[in-house]
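Close look at the chain arrangement
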Amino acid sequence: MKLAALTMALPLIATDVAAVELGDDGLHKTPWMRETFKDLREDLEEANAEGKRLVLFFEQRGCIYCTKMHTEIFPRPEIGGYIEEHYFVVQMNLYGDVEVTDFDGATLSEKDMARKWGVMFTPTILFLPEEVAEGQTAAQASVAIMPGAFGGGTTIDMFTWVAEKRYLLDNGEDFQRYHARRISERNNGSAD
């Protein structure tokens, strides 16, 4: 009986995982990720023109945590839909060779830019403000950095906290306090 149930469930599980597209670079692709020239000043201008926030999303081939985000978290309409509506997402490859032009004018490969910004693992998401001062790097300008894969609740809370510019509020509610409040407000009190 258990074997029959497992045999019937395997194609469904495989279909869900297979439904997430992998690019030639081995990274997961979502419809809301943008193909750009990775000139961050241009990307920021385009994000602002669309009324969205610029996000840099570092991944690497074979990253099990990136796979988790793409198969379990981002497909949830309340999360993926929110990101698509509020964010201009540029994907970066932790070991990639595509050139990136930072806000300070430096041009390096994705892998060298990751080192410059201190990105050491994947996924890592850098959230940028609408304006970046001359001479600042993306890492210096970022308003928040999400280091790692998190459950749905933490993910949507971080994206919401940044989109609502809650980091600018002088109310003593940093992200952790905001997230704790949101957990208590959810119907089931869950972090997810």
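Residues numbered from 1 in each chain as written. Predicted model: local features only at pLDDT ≥ 70, side-chain atom pairs only at ≥ 80, totals over all residues. Heavy atoms only, no water.

What follows is about the overall build of the protein chain. Within the protein chain, the regular secondary structure consists of eight helices and nine strands. Per-residue burial for the protein chain yields a buried fraction of 44% across its 192 residues. Residue pairs at least 24 apart in sequence account for 63% of intrachain contacts in the protein chain once pairs closer than 6 positions are excluded. Accessible surface, the protein chain: about 10,300 Å² in total, of which carbon and sulfur atoms supply 55%. (Helix = DSSP H or I, 4+ residues; strand = E, 2+ residues; numbered from the N terminus. Buried < 20%, exposed > 50% of the residue type's maximum accessible area, 1.4 Å probe, protein only. Contact = heavy atoms within 4.5 Å. Areas by Shrake-Rupley, 256 points an atom, 1.4 Å probe, with all protein chains shown as cover.)

We now examine the layout of surface pockets. Approximately 310 Å³ is the volume found for the largest pocket. Along the walls of the largest pocket sit 18 residues, with Asp 25, Lys 29, Glu 35, Lys 38 and Gln 91 positioned nearest its centre. Listed by contribution, the elements that provide at least two residues to the lining of the largest pocket are β3 (33-34) and β5 (87-93). The element best represented in the lining of the largest pocket is β5, accounting for three residues. Looking at the lining of the largest pocket residue by residue, the classes come out as five nonpolar, five polar and eight charged. (1 Å grid on protein atoms, 1.4 Å probe; cavity = no way out; pocket = protein on both sides within 12 Å on 5 of 7 lines; lining within 4 Å. Points joined across faces, edges and corners; volume = space filled by probe spheres on them. Nonpolar A, V, L, I, M, F, W, Y, C, P; charged D, E, K, R; others polar.)

For helix α5 (residues 110-117), the set of buried residues is Glu 110, Met 113, Ala 114 and Trp 117. All buried residues of α5 fall inside an arc of 105° around its axis, so they share one side. Looking one or two residues past α5, Gly 118 carries a phi angle of roughly 80°, positive in sign. (Arc of directions from axis to C-beta.)

On to the pattern of salt bridges, then. Taken as a whole and judged by the stated rule, the model has 18 salt bridges. A salt bridge links Asp 112 to Arg 115; the nearest nitrogen and oxygen atoms lie 2.4 Å apart. Placement of the pair is Asp 112 and Arg 115 together in helix α5, with a separation of three residues, close to one helical turn. The class for Arg 115 is exposed, based on a relative accessible area of 56%. Residues Glu 185 and Arg 181 are paired through a salt bridge, measuring 2.8 Å at the closest nitrogen-oxygen approach. Of the two residues, Glu 185 and Arg 181 both sit in helix α8 (residues 175-185), four residues apart, roughly one turn of that helix. For Glu 185, a relative accessible area of 40% translates into the label partly exposed. The class of Arg 181 is partly exposed, set by a relative accessible area of 29%. Linked through salt bridges whose partners overlap, the residues forming this network are Asp 157, Glu 164, Arg 166, Glu 173, Arg 181, Arg 182, Glu 185 and Arg 186. (Salt bridge = Lys/Arg side-chain N within 4 Å of Asp/Glu carboxyl O.)

Here we come to the pairing of strand β4 (residues 53-59). In terms of burial, β4 is a largely internal element, seven of the seven residues being buried. Where burial is concerned, the two faces of β4 agree: the one with Arg 53, Val 55, Phe 57 and Glu 59 and the one with Leu 54, Leu 56 and Phe 58 are both buried. Bridge count between β4 and β5: seven bridges; the pairing is parallel. Looking at β5, one finds that Leu 56 is bridged to Val 90. (Pairing = 2+ DSSP bridges.)

Spatially, β3-β5-β4-β8-β9 is the arrangement adopted by the five strands of the open sheet, whose pairing is mixed. Two strands close off the open sheet at either side, each with one partner strand: β3 and β9 (144-147). Two strands pair when backbone bridges link them, and β3 and β5 are joined in this way by two bridges, in the parallel orientation. Within the sheet, the bridge partner assigned to Met 33 lies in β5 and is Val 89. The strands touched by helix α2 (residues 40-49) within the sheet are β3, β4 and β5, with β4 carrying the most contacts at an inclination of about 130°. (Axes fitted to C-alpha atoms, helices over the stretch in contact; angles between N-to-C directions.)

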